[in-house]
Amino acid sequence: MAKVGLREWLAIGRVIASGRLARYGGPGEGPLDRFEKAFSQQFDIRHVLTVSSGTGALISGLAASGVGPGDEVLVPAYTWIATAAAVLAVGAVPVIVDIDETLTMDPDDIERRITPRTRAILPVHMANMVCDMEAIMALARKHGLLVIEDACQAVGVTYRDRRVGTIGDIGAFSFNQFKNINIGEGGAVASQSDRFFARARMYHDVGELFRGHLDNYNEPSFFGVNFKASQIQGAMLNVQLAKLDPMLKRMRRRHQVMARILSGCDAFRLGPHNDPQNAVGLHLLFETEEEAKTFAAKHRRGVYRVFDSSRHVCTHWTPILEKRAFHPAMNPYGWAKASVDYGPDMCARSLDILKRTCRISLGENYPTALMAYLARRMAGQSSQERRLSYAS
Ligand SMILES: *Cc1c(COP(=O)(O)O)cnc(C)c1O
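Right, let's walk through the structure included here. Small disclaimer: the values here were computed from a predicted structure and weren't measured. (Residues numbered from 1 in each chain as written. Predicted model: local features only at pLDDT ≥ 70, side-chain atom pairs only at ≥ 80, totals over all residues. Heavy atoms only, no water.)

Quick look at the nonpolar core now. Val 67, Ile 110, Phe 173, Phe 175 and Phe 295 are the most contacted members of the largest nonpolar core, which totals 118 residues. No other element matches the twelve residues that helix α8 (residues 231-262) contributes to this core. Structurally, this core is a two-domain feature, drawing no fewer than three residues from each of domain 1 (6-242) and domain 2 (245-309 + 350-391). The residues contacting Val 67, other than those within four sequence positions of it, are Leu 62, Val 73, Val 90, Ala 92, Arg 119, Ala 120, Leu 146 and Ile 148. (Core = buried A, V, L, I, M, F, W, Y, C linked by side-chain atoms within 4.5 Å. Buried < 20%, exposed > 50% of the residue type's maximum accessible area, 1.4 Å probe, protein only. Helix = DSSP H or I, 4+ residues; strand = E, 2+ residues; numbered from the N terminus. Domains from an automatic or database assignment. Contact = heavy atoms within 4.5 Å.)

Below, the structure is given as structure tokens:
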């Protein structure tokens, strides 16, 4: 997890002293502009728009790309409920797709769930794992679908040398307390498309009527909501962005060391990864649910069975499964061209995988030697063997 400290505190102090707290609170460049420039350079993406949350980024991105009532959007069975709720916020309905052993969307199941009503695929790079973007982009091209990447839980992570969130048509990032960039609450939308960027910016700022932007690419204004970020968030983001790549480097290093120790054990398999050379996420697969439970109970530190963090499993998205909106006349399920089935068997394969999987923390803020020691304990090495290798 990204740490916050003195440098963020000082950066916020400067913003408060300047008196310019809002994005449009004064002339010239502010911390938000500087952050967006730096992020777009570091991530090699044309446009970046900071917003108030990752959910706001997803909703702005979906609105920008024109997804709406009557559309189906494919979302994975394993993600935070915000992914599916964002689809409903623009009037479309989420269709749930199974994950595979990489803990991300299974491309074969994506193809099975595509209908004439499907408008977009919303792959989620969950828990710093990366989706099989090559297969997903090929499917999108074949069926004429948009790809909106949810990179909220994998900010900065790469897939074949490209940052996730910059590969599809639009990417969404979250900067909340639990993400790779942590400013409490915040998010960003990224796109190569001038038009999608202009539309996202309009949507996130109630139509941005009086801002005087000259780069709206002839897009007529439409009304929206307010998902604007503040300069206080911008100031923290600049400090956090500088910490991101060093942190990911530490994670990559610990992944290499721990994966080597944990591979070749009889008790479990190393979870597959869509880009193992650059992996910053680690999980173990067991034959049975019982074995995973026993392992998680035995190694509490930095180990947990994925299914036990049940809030990220689709079977717990109660308001979505029950199709309940804040107002019955504003319910996208009433506008859908075909009924969406969230029956009890809808993601049996995902549930089976999640119940047999334990995620392993890479301990990026702890010494590599300690993480290697813990990995050896997980691998079942004797205490003598562990002490010898810790000392070396
Ligand atoms: C955190 C998260 C979001 C939403 O981000 P917020 O900033 O909390 O709104 C969306 N999708 C996934 C996968 C997330 O983990």
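Turning next to unusual backbone geometry. Phi angles above zero are rare outside glycine, and Asp 44 is one such case at about 55°. Here Asp 44 is to be found in the loop between α2 (31-42) and β1 (47-51). Overall, the relative accessible area of 62% leaves Asp 44 in the exposed class. Even without being glycine, Lys 323 reaches a positive phi, approximately 55°. Its location among the elements puts Lys 323 in the loop between α10 (318-321) and α11 (332-335).

With that settled, consider α2. The end-to-end C-alpha distance of α2, which contains twelve residues, comes to 16 Å, matching closely the 16 Å that a straight helix rising 1.5 Å per residue would cover. Within the span of α2, buried status applies to Pro 31, Leu 32, Phe 35, Glu 36, Phe 39 and Ser 40. Axial view of α2: buried residues confined to an arc of 160°, hence all on one face. Turned more than 90 degrees away from the buried face of α2 sit Lys 37 and Gln 41, all of them exposed. Against α1 (6-18), β1, β8 (170-174) and α8 lie the buried residues of α2. Positive phi shows up at Asp 44, right after α2, with a value of about 55°. (Expected span 1.5 Å × (residues − 1). Arc of directions from axis to C-beta.)

It is worth spelling out the state of the cysteines at this point. Here, the word disulfide means a covalent bond between the sulfur atoms of two cysteines. Applying the stated rule across the entire model yields zero disulfides. Unpaired in this structure, Cys 152 has its nearest cysteine sulfur neighbour in Cys 131, at a distance of 12 Å. Classification of Cys 152 as buried rests on a relative accessible area of 7%. (Disulfide = S-S within 2.5 Å.)

Taken as a whole and assessed by the stated rule, the structure comprises eleven aromatic pairs. Ring centres of Phe 35 and Phe 39 lie 5.5 Å apart, and the angle between their planes is 55°; on these two criteria the pair is classed as tilted. Taken as a pair, Phe 35 and Phe 39 lie in helix α2 at a separation of four residues, close to a single helical turn. Residue classification places Phe 39 among the buried residues on the basis of a relative accessible area of 0%. Here a set of aromatic residues connected by ring pairs shows up, and it is made of Phe 35, Phe 39, Phe 43, Phe 173 and Phe 175. Above the face of the Phe 307 ring, Lys 355 is positioned so that its terminal group lies 5.1 Å from the ring centre. (Phe/Tyr/Trp six-rings, centres within 6.5 Å; stacked < 30°, edge-to-face > 60°. Lys NZ or Arg CZ within 6 Å of the ring centre and 35° of its normal.)

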